[in-house]
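Listed below are the residues making up each chain.
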Amino acid sequence: MRSIPLSLFVLGLVVVISVGLYVPYVIEQVGWTPIDKPTVIDVESESGNLFFTIDPKENVTNNGTS
Amino acid sequence: MARVNLTKAVFLYIVIYIIVFGASYLYYLHRTEVVIYDTNFIVGDHVGFDLNSSVITFGMVTPAGSASRGINILESDVARHAKLYARGDVSKFISTSQHSVYVAPDSAQEIMLDVSIPVDLSFGNYSGKVKVVLLTD
């Protein structure tokens, strides 16, 4: 009859419990991208000037509140 | 050295995993409130407004332009953390000042969502969904 050392069994137990605790949080986020701070999305060189779009709030063209 | 029967160990692992996973998932559902909104914006040659409050719509935005809409987190008697997620065409262009927002007890909080349109984005309708996860402390 095959058997494993008790220490290995305890290690497996810790892994199983950790995965069981973590997986529900992961399942809920699969397919979703966290909405975070804006990053540089566009850099354009025009007429020798660099144009950076960094913070969307600086270029608000349409502001409504739901 | 103490040893454990492999068959019994595997069976025990499966039972414990099911119990831990179930309890963790129920706990997660118990302490979270999830609201999913449809969201969209149109890239066009002029600016257009759309103040529909049932969806997060940014109206028409020109290339290199941007638009903002707010989400109101209403008051509650417990402290919460709001986390925001997106999917669909909009997810690459949508941003906010902070991914996780703390909402104190008995206070409301507005979270601003912004879309920034790259210069070279094609004209058209871009849609997706925004998920707000409210996690109770």
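Small disclaimer: the values here were computed from a predicted structure and weren't measured. Going along each chain's sequence as written, the residues are numbered from 1 onward. Chain letters and ligand numbers both follow the written order, the letters beginning at A and the numbers at 1. This being a predicted model, a pLDDT of at least 70 is required before a residue's local features are given, and a value of 80 or more before pairs of side-chain atoms are given or counted; all residues contribute to the totals for chains, interfaces and linings.

## Focus: the overall build of chain B
Moving on, step 1. Within chain B one finds one helix and nine strands.
Moving on, step 2. Counted from the first residue to the last, chain B has its helices and strands arranged as β-α-β-β-β-β-β-β-β-β.
Moving on, step 3. The globule rule used for comparison is 2.2 Å times the number of residues to the exponent 0.38, while the radius of gyration itself is calculated over C-alpha atoms. Computed over the C-alpha atoms, the radius of gyration of chain B is 22 Å, more than 25% above the 14 Å expected from 2.2 N^0.38 for a compact globule of 137 residues.
Moving on, step 4. If one aligns the C-alpha atoms of chain B with their principal axes, the spans along those axes are about 75 × 40 × 25 Å.
Moving on, step 5. Taking all 137 residues of chain B together, the buried fraction comes to 28%.
Moving on, step 6. Of the contacts made within chain B by residues no fewer than 6 positions apart, 66% connect residues no fewer than 24 positions apart. Counting from the N terminus, the helices are the DSSP runs of H or I reaching at least four residues and the strands are the DSSP runs of E reaching at least two. Exposure is read from a count of other C-beta atoms within 10 Å of each residue's own; the residue is exposed at 12 or fewer, buried at 20 or more and partly exposed in between. C-beta atoms are placed from the backbone. For the purpose of contact definition, each residue receives a C-beta atom placed from its backbone, and two residues are in contact when these atoms lie within 7 Å.

## Brief notes about the overall build of chain A
Moving on, step 1. In terms of regular secondary structure, chain A is built from one helix and five strands.
Moving on, step 2. Secondary structure of chain A in N-to-C order comes out as β-α-β-β-β-β.
Moving on, step 3. A buried classification covers 9% of the 66 residues belonging to chain A.

## Comments concerning helix H1 (residues 6-31) of chain B
Every α-helical turn comprises 3.6 residues, leaving residues that sit three or four positions apart pointing alike.
Moving on, step 1. The span one expects for a helix is its residue count, reduced by one, times 1.5 Å. Helix length check: H1 of chain B, at 26 residues, gives a terminal C-alpha distance of 37 Å against a target of 38 Å (1.5 Å per residue), a fit within 8%.
Moving on, step 2. Sparse coverage of H1 of chain B is indicated by the burial of zero of its 26 residues.

## Comments concerning the environment of Ser-3 of chain A
Moving on, step 1. Structurally, Ser-3 of chain A can be placed in strand S1 (residues 3-5).
Moving on, step 2. A tally of 15 C-beta atoms within 10 Å means that Ser-3 of chain A is categorised as partly exposed.
Moving on, step 3. When near neighbours in sequence (up to four residues on either side) are disregarded, Ser-3 of chain A contacts Arg-3, Val-4, Asn-5 and Leu-6 of chain B.

## Examining unusual backbone geometry
All names here are of chain B.
Moving on, step 1. The backbone of Ala-64 sits at a positive phi, close to 75°, despite the residue not being glycine.
Moving on, step 2. With respect to the helices and strands, Ala-64 occurs in the loop between strand S3 (56-61) and strand S4 (66-73).
Moving on, step 3. For Ala-64, a count of 18 C-beta atoms within 10 Å gives the class partly exposed.
Moving on, step 4. At Asp-106, a position not held by glycine, the phi torsion is positive, near 55°.
Moving on, step 5. Note on placement: Asp-106 falls in the loop between strand S7 (100-103) and strand S8 (109-116).
Moving on, step 6. Under the C-beta neighbour-count criterion, Asp-106 is labelled exposed, with 10 such atoms within 10 Å.

## Let's talk about the environment of Thr-136 of chain B
All names here are of chain B.
Moving on, step 1. Relative to the assigned elements, Thr-136 resides in strand S9 (residues 124-136).
Moving on, step 2. The exposure class assigned to Thr-136 is exposed, which follows from the 12 C-beta atoms found within 10 Å.
Moving on, step 3. Linking Thr-136 and His-99, residues 37 residues apart in sequence, is a C-alpha distance of 16 Å.
Moving on, step 4. For Thr-136, the contacting residues outside a window of four places in its chain are Arg-31, Val-78 and Arg-80.

## Quick notes on helix H1 (residues 6-27) of chain A
Moving on, step 1. Given a rise of 1.5 Å per residue, 22 residues ought to cover 32 Å, and the 31 Å separating the end C-alpha atoms of H1 of chain A matches this to within 8%.
Moving on, step 2. Bend is the name given here to the angle between axes fitted to two runs of seven residues, the run ending at a residue and the run starting at it. At Leu-21 of chain A, H1 of chain A is deflected by roughly 25°, the largest bend along its length, and proline Pro-24 of chain A occurs up to four residues later in sequence.

## Quick word on the confidence of the model for chain B
Residues and elements named next belong to chain B.
Moving on, step 1. Each residue carries a pLDDT score, the predictor's confidence in it, ranging from 0 to 100. Residues at a pLDDT of 70 or more form 96% of chain B, whose mean pLDDT is 87.
Moving on, step 2. Within chain B, the element-level pLDDT minimum falls on S7, averaging 85, and the maximum on H1, averaging 92.
Moving on, step 3. Across the interface, the model reports ipTM at 0.73; the global pTM reads 0.71.

## Description of the confidence of the model for chain A
Residue and element names in this part refer to chain A.
Moving on, step 1. On average, residues of chain A score 71 in pLDDT, and 55% of them reach the 70 mark or higher.
Moving on, step 2. Taking the mean pLDDT of every element in chain A, the minimum, 46, falls on strand S3 (residues 42-46) and the maximum, 91, on H1.
Moving on, step 3. Contacts of residues 41-48 to residues separated by more than four positions or lying in other chains number 12 contacts, the stretch itself having pLDDT below 50.

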